[in-house]
Amino acid sequence: MAQLDDFAFSDRHLVSIEALNRPSADSLLQMARHDARNGALDGCLAGRVVTTLFAETSTRTHMSFEIAAKRLGAHVINFAIQGSSMSKGESLRDTARTLDSMSPDIVVVRHRSVGAAAFLAGELRAHVVNAGDGPHQHPTQALLDAATLLDRLGTLEGVKIAICGDLRHSRVARSSAQLFHLLGAQVRLIGPPTLIPHDARAWGASLVTSDMDEGIAGCDVVMALRIQHERMGAGAYLSDRAEYRRFYGLDHARLNAAKPTALAMHPGPMNRGVEISAALADDPERCLVEAQVAMGVPVRMAVLAAVSGVRGSA
Ligand code: CP
């Protein structure tokens, strides 16, 4: 593989988009969109061990990390929380240190606690990749969202992107807003007043509003977020689903009102008929959901390779 002198990602871990700068983000995205997809990374982690530790549910992220690791030639050990000593009350720290004693090369972790991946990065000898820490960060989702848009639009410079819905509980919103902003996009954040966190503007947004139609006007991309009922507890964040759909639901009419060529995104899993209509979710011309899922594998191949010290090709 020809080496890029200016391959700019040199971290041992990936726990947050905040750790990236423009050159390191560009390097990872280039590696994902080109090296991972043209086979240049196949087998580059042969003999390494990747452990996936998912203490929250996942379909897309877990599957794509496993497929990515296997394409890189690594052995994959899926750590099942049910049936492990965590279900007897062992702490994340003790569990992770126990795993580390068996010398995995990479630990991919998803956990409900903010900062769990950063904590493990400080504790373990293995490389740590954050697959989602509570409502905080989901850096590989942000990278796959950006890579999907780069495939479709060529650049994010000046592109107007609205992220809509349950901002308060969304690690995707925070991570993707930060990365889109880093890549030159104009980011707008839209949600019901109860679901806008106090620090939303600091994610790089040029506009934060509760008015969906004002927020999406003129946008090239509208990303709908899943309502995360499981993180809402007893708090009265939403009145009812029908009202939410009326004010914030994304369908063809609303997307066309943003811009006739606007594209819809959703990180999944979707509440069909609530934050996005079924007809729009199933329209591959206007909705990038399937392309986002497909991009998960090359992005995670690039991240697993890059934290291991593999550099991208020219
Ligand atoms: N987008 C996302 O993280 O999906 P999963 O929860 O299925 O991994």
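Each chain has its residues counted from 1, running along the sequence as written. The model is predicted, so local features are restricted to residues of pLDDT at least 70 and side-chain atom pairs to those at 80 or more, both for listing and for counting; the totals for chains, interfaces and linings are taken over all residues. Side-chain figures throughout are based on the complete set of non-hydrogen atoms in the structure, without hydrogens or water.

This part takes up the sheet that holds strand β2 (residues 75-79). In this scheme, strands are said to pair when DSSP sees at least two bridges between them. Elements are defined by DSSP. Helices are runs of H or I of four residues or more, strands are runs of E of two residues or more, and each kind is numbered from the N terminus. Here we have 4 strands laid out as an open sheet, ordered β2-β1-β3-β4, and parallel in their pairing. Of all the strands in the sheet, the pair left with one neighbour each is β2 and β4 (127-133). Neighbour-to-neighbour, the strand axes of this sheet turn through a mean angle of 15°, independent of strand direction. In terms of strand pairing, strand β1 (residues 49-54) meets β2 through 5 bridges, oriented parallel. Residue pairing for β2: Val50 is matched across the bridge by Val76. Any two residues having at least one pair of non-hydrogen atoms within 4.5 Å are treated as being in contact. The axes are straight lines fitted to the C-alpha atoms, using for helices just the contacting stretch, and the angles between their N-to-C directions are given from 0 to 180°. The sheet contacts of helix α3 (residues 92-101) involve β1, β2 and β3 (106-111), and relative to β1 the element is tilted by about 165°.

Taken together, Ser58, Thr59, Arg60, Thr61, Arg110, His138, Gln141, Pro267 and Gly268 make up the full set of residues near the ligand. Taking Arg110, its side chain carries an N or O atom lying 2.9 Å from an oxygen atom of the ligand. Polar contacts, as used here, are pairs of N or O atoms within 3.5 Å; protein pairs need one atom able to donate a hydrogen and one able to accept it. Residues neighboring in sequence count only if both atoms are side-chain atoms. At 2.9 Å, a side-chain N or O of His138 approaches an oxygen atom of the ligand. Each accessible area value is a Shrake-Rupley result obtained with a 1.4 Å probe; residue values ignore everything except the protein chains displayed when judging cover. In the complex, 91% of the free accessible area of the ligand, which totals 250 Å², lies under the protein chains. Grouping the amino acids of the shell around the ligand by side-chain chemistry returns 1 nonpolar, 6 polar and 2 charged. The cutoff for a nearby residue is simple: one of its non-hydrogen atoms must lie within 4 Å of the molecule or strand. Amino acid classes used here: Ala, Val, Leu, Ile, Met, Phe, Trp, Tyr, Cys and Pro are nonpolar; Asp, Glu, Lys and Arg are charged; the rest, including Gly, are polar.

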